[in-house]
Each structure stands twice: as C-alpha cells, then as structure tokens.
Amino acid sequence: MKVKNLKIDNFRNISNLYLEFDEEKNVICGENAQGKTNIIEALWLFSGAKSFRSTKDTSFIKFGEQNAKIKTEFEFLGVENSAEIIFGDNKTAFFNEKKLSNTSALAGQFNAVIFSPTDLNLVTDGPANRRRFLDTAIGQLYPNYIEILRSYTRAVMQRNKIIKDYRYDKTISVMLEVFEKEIVDMGNKIINYRKRYIDILNKFVKDIYFGISCQKEEIKVEYLSKTKEILTENDLIEARQIDMFTSTTSVGPHRDDIAFKINDISARDYGSQGQKRSVALSLKLAGAEVIKKLCGEYPICLLDDVMSELDEGRQNYILNHIKNWQSFITCCDTSNIKNLKEGKIITIKNGGVV
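Calculation criteria
- Residues numbered from 1 in each chain as written.
- Predicted model: local features only at pLDDT ≥ 70, side-chain atom pairs only at ≥ 80, totals over all residues.
- Heavy atoms only, no water.
- Helix = DSSP H or I, 4+ residues; strand = E, 2+ residues; numbered from the N terminus.
- Buried < 20%, exposed > 50% of the residue type's maximum accessible area, 1.4 Å probe, protein only.
- Contact = heavy atoms within 4.5 Å.
- Areas by Shrake-Rupley, 256 points an atom, 1.4 Å probe, with all protein chains shown as cover.
- Salt bridge = Lys/Arg side-chain N within 4 Å of Asp/Glu carboxyl O.
- Pairing = 2+ DSSP bridges.
- Polar contact = N/O pair within 3.5 Å; in protein donor to acceptor, adjacent residues only side chain to side chain.
- Axes fitted to C-alpha atoms, helices over the stretch in contact; angles between N-to-C directions.
- Parallel < 35°, antiparallel > 145°, perpendicular 65-115°, else oblique.
- Left-handed = near helix turned anticlockwise from the far one by under 90°.
- Nonpolar A, V, L, I, M, F, W, Y, C, P; charged D, E, K, R; others polar.

Overview of the overall build of the chain
If you tally the helices and strands in the chain, you get 8 helices and 15 strands. Seen along its three principal axes, the alpha-carbon backbone of the chain occupies a region of about 65 × 55 × 35 Å. The buried share of the chain, taken over its 354 residues, is 52%. Taking as baseline every contact in the chain between residues at least 6 positions apart, the subset at least 24 positions apart corresponds to 71%. Accessible surface, the chain: about 16,900 Å² in total, of which carbon and sulfur atoms supply 48%.

This is the structure in structure tokens:
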C-alpha cells in the first residue's frame, strides 16, 4: 500500500500541516521535540491500533484546542481510499467518508509496521511487551481478534474482582463459573490465533535473521503457555486457591510469553546486545512479510528514531531490505541514512515544514 498524503490539525504540537509523500522512501528530519514522531504516530493510528507511545487520547489534542483531526489518502490493492480520525470528547473514525463504530474498525484497511526505540528492547523487556507485539500484529490482520481480546480482558477483570471474596463466601462460585467459562472460550481463541501467527512468522523470520547475522545464526520463535494444549475451566478452578490471595488470575493467555532461540539457545538469557536487537528487527520485518502474504501488499514501514540506535551494518540491512514498499524514517542526524540514495526529505521545525 502507498500513502499519498497526510493532513494534520491541532494534533499534539502540530497546528496545521499537509504533507505529500514519495512512493518509496520518506525521511523526516529535525531536532528533538519538533514533531517528527507526531507524524509517525498519526500514520500509525490509522492502522486501528493504539498509539505506540501509550498515552491517553486527550493528549493528542494540542494544548488550548477543543479537538484534533488527522486525515490521509492512500492506495491499497489498487483502490483509492481515505481515512480520518477526529479526537474530541470521543474519538471518531471514518473510512471513505463513512463513520465507523470505533477506530479499531480501521484494522485491515490500513496496514503498517513500526520500529521505535522501545521495540529494540522487545527481547529483554517483560512478557507484557511481547504479548502486545503479538496482539497488535494479529489485530491488524484479523479485526475480530481485537473484540475477542477485549471480551477476554473484561472477563479476567470481573473474575479478579470476585475472586478476592471467594475465600469468605463460597456461594459466589456460580458467578466465578460464568466468567471462567468466558475466559476459557475467549482464551483458547486467543491462544490459537497467536500460535497460528507464530507458525507463519517463523517461515519469514528465519531467513531475515540469517541475513542480518551474515549467514551465521538461525532463529526460532516459540509460544510459551502455562497451560497444556488448551485452557480448561479446571485450570481456573485449580488456581482459585492461590488467586484469591492475590486478586489476580494466574492462568490464561494474559500470562503467556514468547521465547526467541538463536541456534537453540535462549536469546534473552544468553544473547548479546547486538543479537537481541537483531531479533527485534527480524520480528518486525517478518511481520511485514506476513501482512504481504495474507493481504497481498506490503504495509507501510514506520521507523521512528531507531537508526541512531543501530550499528552501520544493521542500518544498511534495513535500508536495503525495505524495497518496493513505502517507508517513513525519522532522524536528527542525516548521516544515519547516508546510504539512502533516493527518496524525499522533509524537514520539520516547531510542528511545521521548513
């Protein structure tokens, strides 16, 4: 897919901005806090996913303003489309001028992968970030997965509220059974989606990591679950004794993790810093290949201030690997993209184009 343009009004520090893009490489330059990441964030939000900066919706609106708006025109599978998101008291999304039920309904209509500095810590961070990586990737491909995840999360929260009183009042077990059944139903769907996605991911990540490591190492991604093949209601019943003292649900996909093995050795436990970053890059690039396989076209690639975090070899691999698909790269120092031979350079200062 190709993004043609982006219009921004009162979004973060940007009052009014209209940008047209190159079909291949777009480099967004400028000093820190000038608005580069805000442009990347605006593009990412059209994917239907949450902001990669983990902020409240109200923070999108420029200080002193009542609302904010972002709008884009793009081409996907040869069809011209438009998408718009308005931030106010509520968040409203439109696709081809038609109002959607929520912004997550944009999932599958606009595809993107993103690299940010925090993504480079995907291997060393806690399991929650790895689960978020999986859920975001799957949600773009299968919008109904987002609703399954929401239903599951609500059921877990309800069980957590009830379980702490269970030791004093066993009669509430009937209420627990209702939410535990939903946790099992939704949880197994989540686990199946995640395992299927990892199976497809492994078909691409192996070759990509092999290339980044100069044909020296092989990688494998594994899904780690605390349950057996499937989650059962009995698993939750057995966990009640422990859970009632912590007011948490100790089993289920919200506790699962992903393992990365380099030559059959844990990357998290024994990998070097360079290997761990290579794993993170491989996962993101492989995710783009999965989207291409299942949707027919590459997503746009958003690289937010990661080039300076990588050595020259990994910089070159990214720049050379991203071919025939549109990319957006932010940087403070253009020397980090010195091997980029063509594309459009956009310089941002105080939320505007210089």
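Let's talk about the pattern of salt bridges
This structure, assessed with the given rule, holds 19 salt bridges. The shortest N-O distance in the salt bridge between Lys2 and Glu24 comes to 3.7 Å. Of this pair, Lys2 sits in strand β1 (residues 2-11) while Glu24 sits in the loop between β2 (14-20) and β3 (25-29), placing them 22 residues apart in sequence. By relative accessible area, Glu24 is classed as partly exposed at 25%. Notably, a salt bridge pairs Asp185 with Lys181, separated by 3.0 Å at the nearest N-O pair. Pair noted here: Asp185 and Lys181 are both in helix α4 (residues 173-212), with a separation of 4 residues, about one helical turn. Taken together, the salt bridges that share partners define one network made up of Arg159, Glu180, Arg240 and Asp243.

Brief notes about the pairing of strand β12 (residues 300-304)
Counted residue by residue, β12 has 5 buried out of 5 residues, so it is predominantly covered. The alternating pattern of β12 places Ile300, Leu302 and Asp304 and Cys301 and Leu303 on opposite faces, both of which are buried. Sheet analysis places strand β8 (residues 112-115) next to β12, joined by 4 bridges and oriented parallel. Looking at β12, one finds that Ile114 is bridged to Leu302.

Describing the side chain of Asn26
Tracing the backbone through its elements, the reader meets Asn26 in strand β3. A polar atom in the side chain of Asn26 sits 2.7 Å from the backbone nitrogen of Asp22. Those residues in contact with Asn26, other than ones at most four positions away along the chain, are Phe21, Gln326, Ser327, Phe328, Ile329 and Lys344.

A few points about unusual backbone geometry
At Ser247, a position not held by glycine, the phi torsion is positive, near 55°. For Ser247, the position within the fold is in the loop between α5 (233-246) and β10 (257-262). Using a relative accessible area of 28% as the deciding quantity, one classes Ser247 as partly exposed. Even without glycine at this site, Asn350 takes up a positive phi of about 50°.

Some remarks on the packing of α4 against helix α7 (residues 273-295)
Contact geometry for α4 and α7: axes closest at 7 Å, N-to-C directions at 125°. Comparing the axis directions of α4 and α7 gives the class oblique. As α4 runs across α7, the sense of the crossing is right-handed. Taken together, the residues that form the contact of α4 with α7 break down as 15 nonpolar, 4 polar and 2 charged.

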